[in-house]
Amino acid sequence: MVTVSLAYLFYSLRFHLIFANYDGMHLAGQVVKYSPLGSLLHQGPPAKGSDSHMRSHSSSSSSSDEKAKSYKSLHEEIHAYQGMRTPYTRHIVAVGDLHGDLPNARRVLKFSDVIDEFDNWSGNVDIFVQTGDIIDRGPDTIKLFTWMDKLRGQAHAEGATILSHLGNHEWMNMIGDWRYVYPSELKTFGSVAARQRMLSTGRIGRSWAANYTTTSRLPLHPSLGPPNTPYPPPASPHRLHWEKEKDEFEIDFDVWMFHNHRHPESKNPLSHAAISFVHGGLSPTFKELTPFPTRINELSASLMRKMQYREQPPPHPPNPYPGLPPTTTTEEREIYGSDGPLWYRGWAMRDEATVCKQVDDVLAKTGTRRMVMGHTPDFTNIVSRCNGKIIIIDTGISHAYGGVLSALSIHYTVHPVGDDADQRWVERELISALYPDKRTLIVDEEREIVGDFQVAA
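Residues numbered from 1 in each chain as written. Predicted model: local features only at pLDDT ≥ 70, side-chain atom pairs only at ≥ 80, totals over all residues. Heavy atoms only, no water.

A.B. asks: Looking at this structure, I do not really get the environment of Ser216. What am I missing?
C.D. replies: Examined against the element boundaries, Ser216 turns out to sit in strand S6 (residues 215-219). For Ser216 and Val372, which are 156 residues apart along the polypeptide, the C-alpha to C-alpha distance reads 9.9 Å. If sequence neighbours within four positions are ignored, Ser216 has contacts with Leu163, His165, Asn228, Ile275, Ser276, Phe277, Phe292 and Pro293. At a separation of 2.7 Å, a polar atom in the side chain of Ser216 contacts the side chain of His165. (Helix = DSSP H or I, 4+ residues; strand = E, 2+ residues; numbered from the N terminus. Contact = heavy atoms within 4.5 Å. Polar contact = N/O pair within 3.5 Å; in protein donor to acceptor, adjacent residues only side chain to side chain.)

A.B. asks: Help me understand the state of the cysteines in this model?
C.D. replies: A disulfide bridge is the covalent bond that connects two cysteines by way of their sulfur atoms. Under the counting rule described, the total for this entry stands at 1 disulfide. Between the sulfur of Cys356 and that of Cys386 lies a disulfide, 2.1 Å long from S to S. On the sign convention where negative means left-handed, the S-S torsion of about -100 degrees between Cys356 and Cys386 marks this disulfide as left-handed. One end of the pair, Cys356, is in helix H17 (residues 352-366); the other, Cys386, is in the loop between strand S9 (383-385) and strand S10 (390-392), and 30 residues separate them in sequence. Taking the relative accessible area as the measure of exposure, Cys356 reaches 29% and is therefore partly exposed. Here Cys386 falls in the buried class, since its relative accessible area comes to 8%. (Disulfide = S-S within 2.5 Å. Buried < 20%, exposed > 50% of the residue type's maximum accessible area, 1.4 Å probe, protein only.)

A.B. asks: What is the right way to read the side chain of Thr141 from this model?
C.D. replies: Tracing the chain through its elements places Thr141 in helix H6 (residues 141-157). Residue Thr141 is classed as buried on the basis of its relative accessible area, which comes to 0%.

A.B. asks: Looking at this structure, how should I read empty space enclosed by the protein?
C.D. replies: To find leftover empty space, a probe the size of one water molecule is rolled over the atoms. Summed over the entire model, instances satisfying the criterion amount to 3 cavities of 30 Å³ or more. Roughly 90 Å³ of volume is contained in the largest cavity. Lining the largest cavity are 13 residues, and of these Asn173, Met174, Trp178, Gln196 and Gln312 lie nearest its centre. For the lining of the largest cavity, a count of residues per class yields 7 nonpolar, 6 polar and no charged. (1 Å grid on protein atoms, 1.4 Å probe; cavity = no way out; pocket = protein on both sides within 12 Å on 5 of 7 lines; lining within 4 Å. Points joined across faces, edges and corners; volume = space filled by probe spheres on them. Nonpolar A, V, L, I, M, F, W, Y, C, P; charged D, E, K, R; others polar.)

A.B. asks: So what exactly am I meant to see when it comes to the sheet that holds S6 here?
C.D. replies: Think of a sheet as strands paired side by side through backbone hydrogen bonds, with each pair either parallel or antiparallel. Sheet architecture is open: 5 strands sit in the order S6-S7-S8-S10-S9, paired in mixed fashion. What marks the edges here is a single partner per strand, and that holds for S6 and S9. In this sheet, neighbouring strand axes are inclined to one another by 20 degrees on average, regardless of whether the strands run parallel or antiparallel. H17 contacts S6, strand S8 (370-373), S9 and S10 of the sheet and is inclined by roughly 105 degrees relative to S8. (Pairing = 2+ DSSP bridges. Axes fitted to C-alpha atoms, helices over the stretch in contact; angles between N-to-C directions.)

A.B. asks: For this particular structure, what's the right way to read the pattern of salt bridges?
C.D. replies: Pairing is possible between side chains that carry opposite charge, provided their charged atoms lie close to one another. What the rule picks out here adds up to 20 salt bridges. Measuring nitrogen to oxygen at the nearest pair gives 2.8 Å for the salt bridge that ties Glu288 to Arg295. Exposure remark for Glu288: the relative accessible area of 17% places this residue in the buried category. For Arg295, a relative accessible area of 25% puts it in the partly exposed group. Here Arg369 makes a salt bridge to Glu427, at a shortest N to O gap of 3.0 Å. With Arg369 in the loop between H17 and S8 and Glu427 in strand S12 (residues 424-435), this residue pair connects regions lying 58 residues apart in the sequence. Each member of the pair, Arg369 as well as Glu427, carries the same accessibility label: buried. A cluster of three or more residues bridged by salt bridges with shared partners is formed by Arg369, Arg370, Glu427, Glu429, Glu445 and Arg447. (Salt bridge = Lys/Arg side-chain N within 4 Å of Asp/Glu carboxyl O.)

A.B. asks: Please clarify how the packing of aromatic side chains should be interpreted in this entry.
C.D. replies: One pair of aromatic rings is described through two measures. These are the centre distance and the angle between the planes. Applying the stated rule across the entire model yields 6 aromatic pairs. Seen from their ring centres, Phe145 and Trp208 are 5.7 Å apart, and the 70 degrees between their planes marks the pair as edge-to-face. Separated by 63 residues along the polypeptide, Phe145 in helix H6 and Trp208 in helix H10 (residues 203-211) bring together distant segments of the chain. Since its relative accessible area comes to 3%, Phe145 is described here as buried. A relative accessible area of 0% places Trp208 in the buried class. (Phe/Tyr/Trp six-rings, centres within 6.5 Å; stacked < 30°, edge-to-face > 60°.)

A.B. asks: How should I be thinking about the side chain of Asp140 in this particular structure?
C.D. replies: Its place among the elements puts Asp140 in the loop between strand S3 (127-130) and H6. One buried charged residue, Asp140, forms no salt bridge at all, with the nearest opposite charge on Lys143 at 4.6 Å. Filtering out sequence-adjacent residues up to four positions away, Asp140 remains in contact with Gly100, Asp101, Leu102 and Pro103. (Lys, Arg positive; Asp, Glu negative; His and termini not counted.)

A.B. asks: Before we go on, may I ask you to explain helix H14 (residues 294-308) in this structure?
C.D. replies: At 3.6 residues per turn, the α-helix brings residues three or four places apart onto the same side. Its 15 residues give H14 an end-to-end C-alpha distance of 21 Å, which sits within 8% of 21 Å, the value for a rise of 1.5 Å per residue. Here H14 has its buried residues at Ile296, Asn297, Leu299, Ser300, Ser302, Leu303, Met304, Met307 and Gln308. Elements in contact with the buried residues of H14: helix H7 (168-175), helix H9 (192-200), H10, strand S5 (212-213), S6 and helix H15 (330-335). (Expected span 1.5 Å × (residues − 1).)

A.B. asks: What should I look at first to understand the pairing of S3 in this one?
C.D. replies: Burial along S3 is two-sided: the residues Ile127 and Val129 and Phe128 and Gln130 are all buried. Across 4 bridges, the pairing between strand S2 (residues 88-95) and S3 is parallel. Of the residues in S3, the one forming a bridge with Val95 is Gln130. Handedness of the S2-helix H5 (residues 102-111)-S3 crossover: right-handed. Both S3 and strand S4 (residues 161-165) contribute to a ladder of 4 bridges, which runs parallel. Residue Ile127 lies in a different strand from S4, and its bridge partner there is Thr161. With H6 bridging S3 and its parallel neighbour S4, the resulting β-α-β unit is right-handed. (Right-handed = clockwise from strand over helix to strand, strands pointing away.)

Below, the structure written as structure tokens:
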């Protein structure tokens, strides 16, 4: 362990040469404090803005008394602030599989405050996310996709955003795998041929191509860019230098950045302040993960075009399973594979020790702090794993399952504190599972950060 820590210290000291504005001794002290060796050497009190200023309901690193004291101190500073900077807030609501059930979808969006009493955009949410599988198992496919497009337009008119995703069932229908198409749903299209047209080059198919992706990266703060800004950033000089000498560094740049951004003295504390959304999951063995989400979505768009503009095969059943088009590339085929983002269930099905060991590497590579997904239902509640790094939001909303109506609520704030010249802020993530009759807290993390995070009016 001492050898590893000394190596980490050495390479981190070299890393400060890449960033000209880093103070070498300052960074060395930071690395010593947060390496395993540092836990033996650094026995002094935490520096101002250290981990004692982060509050997390899922953390066991400090006592409840210390958390309460830190929480009170930060909130006293927030209430005492009298400077010229303005707080930034963002409210996000995410919903899982809907499977052909418009009435239950309306109920969920209503109690989560996405829509008003007339089923229109409420204006009370900044970003609404749906993680796929709107189709199949119920009769309301046309109505649901039409309604989502209506809400998308209303949200855009008010400066809000809807992020829509394709689930494995949308892709199954594009392929011609209609095993879960109910007769009541087929009747709403009029015929097999009419349904094929609408899902390929018709109204629903065109909306899929224009408005739906397989995965998303949602930055929590606008300084990181708009939704789906790729990570890693292209042509970063720091990354290029790192890649050029990575054999000497012996540590992955993204892993370093992921762990460093949580350090209280990090020069880039918001580098991974983002959340990924996907239907199935982002497997740790998936080869086309980065740049994220660009690479996955490019492959998905290419494969979708091939399926939508081919001669539509007779659906299965009763006909043979048609499979992917003959022109599908190896990389495109992986999108629909068992380890691909549409089908992967490892984050939901594997044991806690395994997933918690693997999740940081995927978060590091995708430039995110948490991943949210549907696909694998829990019929009692939204599931949080690894202290909120993995959140699974499929609770079987459709009457086809008879599960629990639910939505995920994310409140993100960055509030100025102290003197404006010091550029100190308090960052907070408050994540809750919403149900018709209750709200369950999943994550409440708060910490002090330093930097120019003022958002232009």
